[in-house]
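# Remarks on the overall topology
Here's the letter readout for the chains.
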Amino acid sequence: MKTKIYLLFVYIFIHSAFAEDKQSTVLWSINENIKAPESCYYNKSTGHLYISQIGEGGGMGKDGDGWISKYDLKGKLIKDKWAVGLNAPKGLRSDGSRIWVTDIDRIVSYNINSGVKEHDIKIDGAKFLNDLACSKDGTVYFSDMIASKIYQYKNKKISILIEGADIEHPNGLLVEGENLIIGAWGKEIQDDFTTKTLGRLLSLNLKTKKITPITAKPLGNLDGVESDGKGGYVVTDWIAGKVFHVLKLGTSKTLATFPKGAADHAFIADKKILILPEMLENKVGAFDLSPLIK
């Protein structure tokens, strides 16, 4: 009887999560050694998946129990505590030789081969550092969602790239050529992290600082932003638990709906595989989206 109930639960989960296309496939799901996963990052060069884990203390807890884990693409654990000494680690990216991560009010880097810490840079005045992106020239961009700022670390110096209401409390970041793609959380953040206006997907020209909306209308409390490989984007909404496909012209559709806490995902465009950290569910799953993204 217990086995039948479990199988029924799995069936309902798969078919409700992918209500729009029943041919989508859950490739794997892990919850062992997973505690409040915030960001999944796939590094093409190493072929590994890196997962930032906040741990017990919440997104603002300076408790030292955060870490980064290392997995293969089949969900097999390589090293649980690959990088340690963190509080509430969030966005992950690589500049080539290092993995960078935001950690409340600092950015930290680890050697991509050894996991040894190389940088630990405190950001004065930071309130809630969130996502992070790296450009080909080695510049590290990172968002302060609460303060509505985007910083850059370039030539060993920290500076504010852009700030203010126009960037709608930025969360997710992605460098695309001369542009920084921004997944905005929304306007007028409330105490419970909801917003009076949902955020849009925006494009910031890194040279002119011109902001161009990709989605003309508010879309969600946006978290992760990844390229679909064809000029569009796969984007998550943390509060609504939604995964969106935003096309180049700005139209969007919901690919899947999960519980609240759909965080900063990885998307492997050539295989159309979504790797999603479900932060409040304490699990990470991989999903084949090829039937949904043409």
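Details of the structure are given in the entry above.
Bear in mind that the values here come from a model prediction, so they are computed numbers and not experimental data.

## A look at unusual backbone geometry
Phi at N33 takes a positive value of approximately 65°, unusual for a residue other than glycine. Mapped onto the elements, N33 comes out in the loop between β1 (25–30) and β2 (37–43). Given the relative accessible area of 36%, N33 is considered partly exposed.

## Focus: the pairing of strand β10 (residues 129–134)
In terms of burial, β10 is a largely internal element, six of the six residues being buried. Relative to strand β11 (residues 140–144), β10 runs antiparallel, the two being bridged by four bridges. Considered in β11, the bridge of L132 is made with F142. From the end of β10 to the start of β11, which pair antiparallel, there are five residues, and G138 there has a positive phi angle of about 95°.

## Observations regarding the pairing of strand β18 (residues 201–205)
With five of five residues buried, β18 is to be regarded as a mostly interior element. Where burial is concerned, the two faces of β18 agree: the one with L201, S203 and N205 and the one with L202 and L204 are both buried. Pairing geometry for β18 and strand β19 (residues 211–213), over three bridges, is antiparallel. Bridge pairing in β19 links L204 to I211.

## Structural notes on the sheet that holds strand β20 (residues 222–227)
Read from one edge of the open sheet, four strands run β20-β21-β22-β23, paired in antiparallel fashion. Each end of this open sheet is capped by a strand with a single partner; those strands are β20 and β23 (252–257). Geometrically, the sheet is characterised by an average inter-axis angle of 25° between neighbouring strands, direction not taken into account.

Conventions and cut-offs
Residues numbered from 1 in each chain as written. Predicted model: local features only at pLDDT ≥ 70, side-chain atom pairs only at ≥ 80, totals over all residues. Heavy atoms only, no water. Helix = DSSP H or I, 4+ residues; strand = E, 2+ residues; numbered from the N terminus. Buried < 20%, exposed > 50% of the residue type's maximum accessible area, 1.4 Å probe, protein only. Pairing = 2+ DSSP bridges. Axes fitted to C-alpha atoms, helices over the stretch in contact; angles between N-to-C directions.

Spatial relationships are all this shows, so hold off on functional conclusions.
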